[in-house]
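Here's the letter readout for the chains.
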Amino acid sequence: MVHPFFGGTSPEEDEMWLYMCPTNGGLQDPRLKPPAEDLARLGCERVLIFVAEKDFLKPVAMNYYEDLNKSGWKGAVELVETHSEGQSFYFDNLKCEKAVELINKFVSFITQL
């Protein structure tokens with residue numbers, strides 16, 4: 001997951017989510033925050049989550065990371081934080097040092113056997 005966007009609670013944060021689910025439960029909605037028993041059944045062995053220090057949704061991604069760790073899931077989850085950057089910073093310049101580091105880490109994760 002690269003800078004996961006787990007839905008916002010206002011139109012400024014996530015107009016599409018609010019349009020599709022106008023009666024959603026906000027950040028506690030089970031579609032955004034699955035219960036531990038669902039996370040424990042996650043069908044993969046590894047998860048890599050990237051967050052950015054200045055991302056306004058970083059706390060939501062951090063909660064997902066913590067919930068996954070506590071769920072009883074038998075896989076390995078890794079969290080990588082990019083300091084001094086915001087949500088999707090790499091779109092501005094894919095060749096900047098921090099974007100290249102993110103891409104290299106992502107490629108390394110995918111190519112691990």
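Look above for the structure.
Everything quoted here is computed from the prediction, not taken from an experiment. All chains use their own residue numbering, which begins from 1 and follows the written sequence. Totals for whole chains, interfaces and linings use all residues, but because this is a predicted model, local features are given only for residues with pLDDT of at least 70 and pairs of side-chain atoms are given and counted only at 80 or more. Hydrogens and water molecules were not included; the side-chain quantities draw on all heavy atoms of the structure.

Peer 1: Got a sec to walk through the overall build of the chain? Specific residues and values, please.
Peer 2: To qualify as a helix, a DSSP run of H or I must reach at least 4 residues; to qualify as a strand, a run of E must reach at least 2; elements of each kind are numbered from the N terminus. Each helix and strand in the chain was counted, giving four helices and two strands. Dimensions of the chain, computed from C-alpha atoms along their principal axes, come out at roughly 40 × 35 × 20 Å. Every one of the 113 residues in the chain was classed for burial, and the buried ones make up 35%. Only heavy atoms enter the contact rule, under which two residues are in contact if any of them lie within 4.5 Å. Considering only contacts within the chain whose residues lie at least 6 apart along the sequence, 64% involve residues at least 24 apart. With a 1.4 Å probe rolled over the protein chains alone, any residue whose accessible area is under 20% of its type maximum counts as buried; one over 50% counts as exposed, and the rest are partly exposed.

Peer 1: Mind laying out the pairing of strand β2 (residues 76–82), listing which residues take part and the relevant values?
Peer 2: In regular strands, side chains alternate between the two faces of the sheet. Direction of pairing for strand β1 (residues 46–52) relative to β2: parallel, over a ladder of seven bridges. Its bridge partner being in β2, phenylalanine 50 is matched across the sheet by valine 80. Here, strands pair whenever DSSP counts at least two bridges between them.

Peer 1: So what's going on with the side chain of lysine 58? Residues and values would help.
Peer 2: Structurally, lysine 58 can be placed in helix α3 (residues 58–70). For lysine 58, the residues in contact, after removing those within four places along its chain, are Val51, Ala52, Glu53 and Glu81.

Peer 1: Residue-level account of the packing of aromatic side chains, with values.
Peer 2: Pairs were defined over the aromatic rings of Phe, Tyr and Trp, the Trp ring being its six-membered one, requiring ring centres within 6.5 Å. Orientation was assigned from the angle between planes: stacked under 30 degrees, edge-to-face over 60, tilted for the rest. Counted according to the given criterion, the structure contains three aromatic pairs. With 6.4 Å between their ring centres and 50° between their planes, phenylalanine 50 and phenylalanine 106 make a pair best called tilted. Of the two residues, phenylalanine 50 is situated in strand β1 and phenylalanine 106 in helix α4 (residues 97–111); the sequence distance between them amounts to 56 residues. What makes phenylalanine 106 partly exposed here is its relative accessible area of 33%. Their ring planes at 75° and their centres at 5.6 Å tell us that phenylalanine 89 and tyrosine 90 sit as a pair that is edge-to-face. As far as burial versus exposure is concerned, phenylalanine 89 and tyrosine 90 are alike and both buried. Through a chain of ring-to-ring contacts, three or more aromatic side chains come together here, namely Phe89, Tyr90 and Phe91. Above the face of the phenylalanine 109 ring, arginine 46 is positioned so that its terminal group lies 4.0 Å from the ring centre. Think of it as a cone above the ring: NZ of Lys or CZ of Arg counts as a charge over the ring if it is within 6 Å of the ring centre and within 35 degrees of the ring normal.

Peer 1: Quick one: what's the story with α4, residue by residue and with numbers?
Peer 2: Its 15 residues place the ends of α4 21 Å apart at the C-alpha level, agreeing with the 21 Å of an ideal helix rising 1.5 Å per residue. Those residues of α4 that sit buried are Ala99, Leu102 and Phe109. All buried residues of α4 project into a common sector of 90° when viewed along the axis, lining one side. More than 90 degrees from the buried face of α4, the exposed residues found are Glu97 and Thr111. For α4, the secondary structure elements touched by its buried residues are β1 and β2. In this analysis, the expected span of each helix is defined as 1.5 Å times one less than the number of residues it contains. Taken from the helix axis, the directions to the C-beta atoms give the arc we talk about.

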